[in-house]
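If you want the building blocks of each chain, they are given just below.
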Amino acid sequence: MLSSVRLIRRTVRLVHNPVCNPSRSFMDLKVLVSSLNDFASLSLAESWDNVGLLVEPSPPHTVHTLFLTIDLTEQVMEEALQKKVDLILSYHPPIFRPLKRITWKTWKERLVIRALENRVGIYSPHTAYDASPQGVNSWLAKGLGVCTSRPIHPSKAPTYPTAGTHRVEFSVNGTEDLDKVISVVKDITDVSVTSFSTRTDEEEQTRVSLNCSQEALMQVVAFLSQSRQFYQKTEILSLEKPLLLHAGMGRLCTLDESVSLATMIERIKRHLKLPHVRLALGVGRTLESPVKVVALCAGSGSKVLQGTEADLYLTGEMSHHDVLDAASQGVTVVLCEHSNTERGFLSDLRDMLRAHLENKIDIILSEADRDPLCV
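Since the structure is predicted, the reported quantities are computational estimates derived from the model, not experimental observations.

(A) Up close: the overall build of the protein. What the protein contains, in helices and strands, is 12 helices and 19 strands. Against the 2.2 N^0.38 benchmark of 21 Å for 375 residues, the protein shows a C-alpha radius of gyration of 30 Å, more extended than a compact globule. Along the three orthogonal principal directions, the C-alpha set of the protein runs to about 135 × 65 × 45 Å. Buried residues in the protein amount to 46% of all 375 residues. Across the protein, contacts joining residues at least 24 apart in sequence account for 73% of those joining residues at least 6 apart. Of the charged side chains in the protein, 41 are positive and 44 negative, and the gap between their average positions amounts to 10 Å.

If you want it as structure tokens, here you go:
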């Protein structure tokens, strides 16, 4: 007896797996670095610092994953390579002092070798993020409670508001002398001239104002010194770049309501997720003393905080003698270790960069990054 066979047609549905999507978003390294510089201008960094793109794989280099860390140690580098990242944003620059050779001898040299061998770039913002209005010091201030804050040492604008670094002003009596002066100074490179009428001791005069560069200043002075009439009436002003009100090193924070020192310490520990901090009580202070003004600086704060009037200094580390000086003036000092005052900022930074970069790349945090000191 023949058995009947039924053919059953089945429909197979292909399920798209986003994890294996080869066309996920990416950015060209140069475009990404430009966007990072736009997020926080490197002009805000201190002159002694080493910021920006420190290690660049041969172009073209595309970035799918950006990896955030405070310190780039060998353990953190191993983690980054395992996660197949394309660019490491290391808050502290792993290359600070010049390297005379790239060998396998020291750990910082090995970092550069491994980065290049695996086509991983390294970018460091450091003090540009310290000074930025949305940077690490503003994040550190969030743990204090409701307060108003301003930079302790405001940053200066990257450029002068006018052409030149100096202004030279003097008065001229006659039209003939004025024409001669204008004719000569206009032939000097990097000099701009304006003039206006003034009256001095019932005498009509023309006030000449020159903006010039440092190099042009010597030529202007050499010309004016030929005439005693001009030279004795000359004023030379050194122009300053304008201060930026919301950018700069450290923060001076004034609380809306005073709290006890004990309460402030608990707020700091909770914000930094620390079980312990180091404390130096100011002379005449106790744990019940009120805290109204806090001066803070993430990382190493001795130079930034020195001489600032406040109830409390908050930073990662200070020298022994700077702590003694502060305490002798009645200022309480709370030390949390250097990178403990910075690491929590990375979560906020990740969110801000995601928005700034319009979610074009993956941004992940290091899990191996930690302060080298523990209690």
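(B) Representation of the confidence of the model for the protein. Looking at the protein, pLDDT values average 91 and 92% of them are 70 or higher. Predicted confidence is poor over residues 1–23, with pLDDT under 50, and the contacts of this stretch with residues over four places away or in other chains come to 1 contact.

(C) Highlighting the sheet that holds strand β15 (residues 278–280). Strand order across the open sheet formed by 6 strands is β7-β14-β16-β17-β18-β15, with mixed pairing between neighbours. Lying at the two open borders of the sheet, with one neighbouring strand each, are β7 (147–150) and β15. Recorded for the sheet is a direction-independent mean angle of 25 degrees between the axes of neighbouring strands. Note that strand β14 (residues 251–260) and strand β16 (residues 290–300) share 6 bridges and pair antiparallel. From the neighbouring strand, T254 faces β16, where its bridge partner is V293.

(D) Quick look at the UniProt feature "binding site: a divalent metal cation" (unreviewed entry) in the protein. Feature annotation in UniProt assigns "binding site: a divalent metal cation" (unreviewed entry) to the following positions: H92, D130, H338 and E342. In sequence the annotated residues extend across 251 residues, while in space they remain close, none of their C-alpha pairs exceeding 13.1 Å. Structurally, the position occupied by H92 is in the loop between β5 (87–90) and α3 (107–117). Once residues within four sequence positions are removed from consideration, H92 is found in contact with I70, D71, S124, H126, H338 and E342. Tracing the backbone through its elements, the reader meets E342 in the loop between β18 (332–335) and α12 (345–356). In this view, E342 contacts I70, Y91, H92, V136, W139, A298 and G299; residues no more than four positions away in its chain are not counted. At a separation of 3.4 Å, a polar atom in the side chain of E342 contacts the side chain of H338.

(E) Spatial organisation of the nonpolar core. Among the nonpolar cores identified, the biggest contains 45 residues, and Y129 and L353 are the most heavily contacted of them. The residues that make up this core include at least three from each of domain 1 (27–128 + 344–365) and domain 2 (132–155 + 245–337). Leaving out residues up to four positions away in the same chain, L353 has contacts with L36, F39, L66, L68, L89, Y129 and I363. Core analysis: the second largest hydrophobic core is formed by 20 residues, A131, A247, V293 and V323 among them.

(F) Main features of a nonpolar patch on the surface. Taken together, the side chains of L279, L281 and L287 define a hydrophobic patch exposed on the protein surface, amounting to about 230 Å² of accessible area. Under the relative-accessibility criterion, L287 is labelled partly exposed at 41%.

(G) Helix α6 (residues 175–186), seen in detail. Taking 1.5 Å as the rise per residue, α6 with 12 residues should run 16 Å; its terminal C-alpha atoms sit 16 Å apart, in good agreement. Among the residues making up α6, those that are buried are L178, V181, I182 and V185. Taken down its axis, α6 places every buried residue within 95 degrees of arc, on the same side. Opposite its buried face, α6 presents the exposed residues E176 and K180, each directed more than 90 degrees away.

Conventions used here
Residues numbered from 1 in each chain as written. Predicted model: local features only at pLDDT ≥ 70, side-chain atom pairs only at ≥ 80, totals over all residues. Heavy atoms only, no water. Helix = DSSP H or I, 4+ residues; strand = E, 2+ residues; numbered from the N terminus. Rg over C-alpha atoms; globule rule 2.2 N^0.38 Å. Buried < 20%, exposed > 50% of the residue type's maximum accessible area, 1.4 Å probe, protein only. Contact = heavy atoms within 4.5 Å. Lys, Arg positive; Asp, Glu negative; His and termini not counted. Charge placed at Lys NZ, Arg CZ, Asp CG, Glu CD. pLDDT = per-residue confidence, 0-100. Pairing = 2+ DSSP bridges. Axes fitted to C-alpha atoms, helices over the stretch in contact; angles between N-to-C directions. UniProt positions renumbered as here; feature names shortened; annotations may be inferred. Polar contact = N/O pair within 3.5 Å; in protein donor to acceptor, adjacent residues only side chain to side chain. Core = buried A, V, L, I, M, F, W, Y, C linked by side-chain atoms within 4.5 Å. Domains from an automatic or database assignment. Patch = residues over 30% accessible without salt bridge, like charges linked within 9 Å, V, L, I, M, F, W, Y side chains within 5 Å. Areas by Shrake-Rupley, 256 points an atom, 1.4 Å probe, with all protein chains shown as cover. Salt bridge = Lys/Arg side-chain N within 4 Å of Asp/Glu carboxyl O. Expected span 1.5 Å × (residues − 1). Arc of directions from axis to C-beta.

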